[in-house]
Amino acid sequence: MADLSKSLVAEVSRKNPHEPEFLQAVEEVFESLEPVLERHPEYLAARIPQRIAEPERVVMFRVPWVDDQGEIHVNRGYRIEMNSAIGPYKGGLRFHPSVNLGILKFLAFEQVFKNSLTTLPMGGGKGGSDFDPKGKSDQEVMRFCQAFMAELYRHIGPNTDVPAGDIGVGGREIGFLFGQYKKLANEFTGVLTGKGRNWGGSLIRPEATGYGSVYFAAEMLAAKGDSLEGKRCLVSGSGNVAQFTVEKLIELGAEVVTLSDSSGCVHDPEGVTTEKLEFVKELKNGRRGRIREYAEEYASATYTEVDPSADHDPLWAVEADCAFPSATQNELNGRDARNLVENGVKLVCEGANMPTTPDGVETFLEKGILFGPGKAANAGGVAVSGLEMSQNSLRYAWTREEVDAKLKSIMREIHSSCLEAAKEYGAGEHDYVAGANVAGFRKVADAMMDQGVV
Ligand code: NDP
Ligand code: 2IT
């Protein structure tokens, strides 16, 4: 890393010493911005890097709730309002026991650039709680969501901050959150996205992140004269993003041979068919069971439990052409990256946010792997959230075909703006990491310059 970005990262690091994921995300972006800052000293004079790495506002609050046995629990709620230069704060809510301030700041920081890339007018934000929905009854999840929204509702609004889902927050949670917001604010507005289709939700929003990630992968391959047809693919996770990544890959003629959850991974050399995918959807969204049951249901599959002492993930050691990490941050390390390269993987497309560690990214770039970074590749979800906001404002609903066509064209546009930015600032021909960071940054930075020191 050159001196300029090093000293900027050191400054952010001094202010945020206990937030490793946040610093990881900042370091990657600042490194890519080096040539931009050299060519545009006005950004440095206006302290844009320092300002963009400082949330406009952070809200932290107590969330007390009562379980089915009458026991009282206390969780912590957060909303990071990172940047509103190009639109209202926009980004998901994560409910997971690992949630802390640093993780949400990394996600909010990434969201600023991702939302800018979508071409839609959305600022960046992220929130959530250390609440664990696993093993909780629907009633408990509802009471938690109501308690969480009892505070959050003061800080959000359709023109201020519009949350959505992320890990642990899907259609069920958005329903409970929306119901409580509506009751407290006495307003039916598009304050959340990912809503049910009968009450203001957009068609294709559930599918959008996974579909968008596959559209982005198809664009990367098309730029090399190739396609997904017949490609053997590894997918990690088995939640929202993973499920619809698999669905679109099957539709485009690829073969998916892995899935996982936080307990372990399954390898099915005969491929995940549409019927097997339906089983996974029912397992994960209906019964809320474990992916291990896939291997119990289908004899072609084997299950490997997570080994916390292992230095690599067996899922990334399976022979394949393409990999779609779609579970969580830092799930694919340097050793995993080398395993993938040795086993013939030519494309890695990040459905999750920052799933690849920095040494993993370096390996992919060094080896000339087509690597789609999360803030570009998984932007389809928030893009369709933006389209849901537009439909809510219009009080109108587009058809499935209309939304899907817009998603496809947004992903195509993100792909080409990454390549153009990489070229303009002298990065490698297929350096989507630099391209996404630079293209996402320039729009936000210019808006911040226009709006003065606020
Ligand atoms: P879900 O909660 O639907 O699914 C998450 C999946 O990842 C589950 O299979 C879960 O396993 C697994 N997982 C979660 N945490 C861990 C962990 N610490 N270690 C190992 N596995 C884990 O979430 P999504 O599919 O919505 O999100 C997946 C990723 O995609 C996240 O990085 C998210 O930020 C990102 N993303 C999501 C978008 C969306 O629209 N939903 C948009 C853009 C990015 P288990 O069942 O055991 O919990
Ligand atoms: O990481 C993400 O982009 C999301 N979780 C989706 C955010 C949104 O507002 O739809």
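Report follows, based on the coordinates. (Residues numbered from 1 in each chain as written. Chains lettered and ligands numbered in written order. Predicted model: local features only at pLDDT ≥ 70, side-chain atom pairs only at ≥ 80, totals over all residues. Heavy atoms only, no water.)

### Considering the packing of helix H16 (residues 400-424) against helix H17 (residues 432-450)
Orientation of H16 relative to H17, taken along the N-to-C sense of each, is 95°, at an axis distance of 7 Å. When the interaxial angle is binned, H16 and H17 end up roughly perpendicular. Where H16 approaches H17, its residues His415, Ser417, Cys418, Leu419, Ala421, Ala422 and Glu424 are matched on the opposing element by Tyr432, Gly435, Ala436, Val438, Ala439 and Arg442. Residues that form the contact of H16 with H17 fall into these classes: 8 nonpolar, 3 polar and 2 charged. (Axes fitted to C-alpha atoms, helices over the stretch in contact; angles between N-to-C directions. Helix = DSSP H or I, 4+ residues; strand = E, 2+ residues; numbered from the N terminus. Parallel < 35°, antiparallel > 145°, perpendicular 65-115°, else oblique. Contact = heavy atoms within 4.5 Å. Nonpolar A, V, L, I, M, F, W, Y, C, P; charged D, E, K, R; others polar.)

### Remarks on the site of ligand 1
Taken together, 26 residues are adjacent to ligand 1, and Asp166, Thr209, Ser262, Arg290 and Asn353 come closest. Within the backbone of Val241, an N or O atom sits 2.9 Å from an oxygen atom of ligand 1. Contact between ligand 1 and Asn353: an oxygen atom at 2.8 Å from a side-chain N or O atom of the residue. For ligand 1, the accessible surface in isolation is 890 Å², of which the surrounding protein chains cover 84%. Mapped onto the shell around ligand 1, the elements with two or more residues apiece are helix H8 (205-222), helix H9 (240-251) and strand S8 (258-261). Along the lines of polarity and charge, the residues of the shell around ligand 1 split into 4 nonpolar, 14 polar and 8 charged. (Near = heavy atom within 4 Å. Polar contact = N/O pair within 3.5 Å; in protein donor to acceptor, adjacent residues only side chain to side chain. Areas by Shrake-Rupley, 256 points an atom, 1.4 Å probe, with all protein chains shown as cover.)

### Some thoughts on the packing of helix H6 (residues 138-152) against helix H7 (residues 171-185)
Running from N to C, H6 and H7 cross one another at 45°; their axes reach a closest spacing of 8 Å. Accordingly, the angle class assigned to the pair H6 and H7 is oblique. Crossing geometry of H6 relative to H7 is assigned as right-handed. Residue-level contacts link Asp138, Val141, Met142, Cys145, Gln146, Phe148, Met149 and Ala150 of H6 to Arg172, Glu173, Phe176, Leu177, Gln180, Tyr181 and Leu184 of H7. Looking at the contact of H6 with H7, its residues break down into 10 nonpolar, 2 polar and 3 charged. (Left-handed = near helix turned anticlockwise from the far one by under 90°.)

### Here we look at the site of ligand 2
Close contacts around ligand 2 come from 14 residues, with Lys90, Lys114, Asp166, Arg205 and Ser385 the closest. Between an oxygen atom of ligand 2 and a side-chain N or O atom of Lys114, the distance comes to 2.8 Å. One of the side-chain nitrogen or oxygen atoms of Asp166 is found 2.9 Å away from a nitrogen atom of ligand 2. Of all the secondary-structure elements, those providing two or more residues to the shell around ligand 2 are strand S3 (89-95), helix H5 (101-117) and helix H15 (380-394). When its residues are assigned to classes, the shell around ligand 2 shows 2 nonpolar, 7 polar and 5 charged.

### With respect to the side chain of Thr363
Mapped onto the elements, Thr363 comes out in helix H13 (residues 358-366). Using a relative accessible area of 10% as the deciding quantity, one classes Thr363 as buried. Of the polar contacts made by the side chain of Thr363, one reaches the backbone oxygen of Asp359; its length is 2.9 Å. If we skip the residues at most four places from it in the chain, Thr363 touches Ala337, Arg338 and Val341. (Buried < 20%, exposed > 50% of the residue type's maximum accessible area, 1.4 Å probe, protein only.)

### Regarding a nonpolar patch on the surface
Taken together, the side chains of Val66, Ile72 and Val74 make up a nonpolar region of the molecular surface, amounting to roughly 290 Å² of accessible area. In this structure, Val66 sits in strand S1 (residues 57-66). Overall, the relative accessible area of 36% leaves Val66 in the partly exposed class. (Patch = residues over 30% accessible without salt bridge, like charges linked within 9 Å, V, L, I, M, F, W, Y side chains within 5 Å. Salt bridge = Lys/Arg side-chain N within 4 Å of Asp/Glu carboxyl O.)

### As for the sheet that holds strand S9 (residues 264-267)
With antiparallel pairing, 3 strands are arranged side by side in an open sheet as S8-S9-S10. Each of the sheet's edge strands pairs with one partner strand only, and the pair in question is S8 and strand S10 (302-305). Direction aside, neighbouring strands of the sheet carry axes that sit 20° apart on average. Sheet analysis places S9 next to S10, joined by 4 bridges and oriented antiparallel. Bridged to Gly264 within S10 is Glu305. (Pairing = 2+ DSSP bridges.)

### Describing the pairing of S1
Where S1 meets strand S2 (residues 72-83), 10 bridges bridge the pair, whose relative direction is antiparallel. Directly across from Trp65, in S2, lies its bridge partner His73. Linking S1 back to S2 in an antiparallel pair, the connection comprises 5 residues, with Gly70 at a positive phi of about 90°.

### Here we look at the environment of Ser260
In this fold, Ser260 is placed in strand S8. For Ser260, a relative accessible area of 9% translates into the label buried. A polar contact is formed between the side chain of Ser260 and the backbone nitrogen of Gly237, at a distance of 2.7 Å.

### Here's the deal with the side chain of His40
Inspection of the secondary structure puts His40 in the loop between helix H2 (20-39) and helix H3 (41-45). Residue classification places His40 among the buried residues on the basis of a relative accessible area of 14%. Residues contacting His40, with those up to four places away along its chain left out, are Tyr425 and Arg442.

### Digging into the sheet that holds S3
Strands belonging to one sheet form pairs held by backbone hydrogen bonds; the direction of such a pair is parallel or antiparallel. Taken in spatial order, the 5 strands line up as S1-S2-S4-S3-S5 in an open sheet, and their pairing is mixed. Among the strands making up the open sheet, the edge pair consists of S1 and strand S5 (161-164). Each strand of the sheet is rotated relative to its neighbour by a mean of 20°, with strand direction disregarded. Inspection of the sheet shows S3 paired to strand S4 (residues 124-129) by 3 bridges, in the parallel sense. Bridge pairing in S4 places Arg94 opposite Gly128.

### Re the environment of Phe441
If you trace the backbone, Phe441 turns up in helix H17. Through-space distance from the C-alpha of Phe441 to that of Ser116 is 7.6 Å; in sequence the pair is 325 residues apart. In this view, Phe441 contacts Leu33, Val36, Leu37, Tyr43, Ile48, Ile52 and Phe113; residues no more than four positions away in its chain are not counted.

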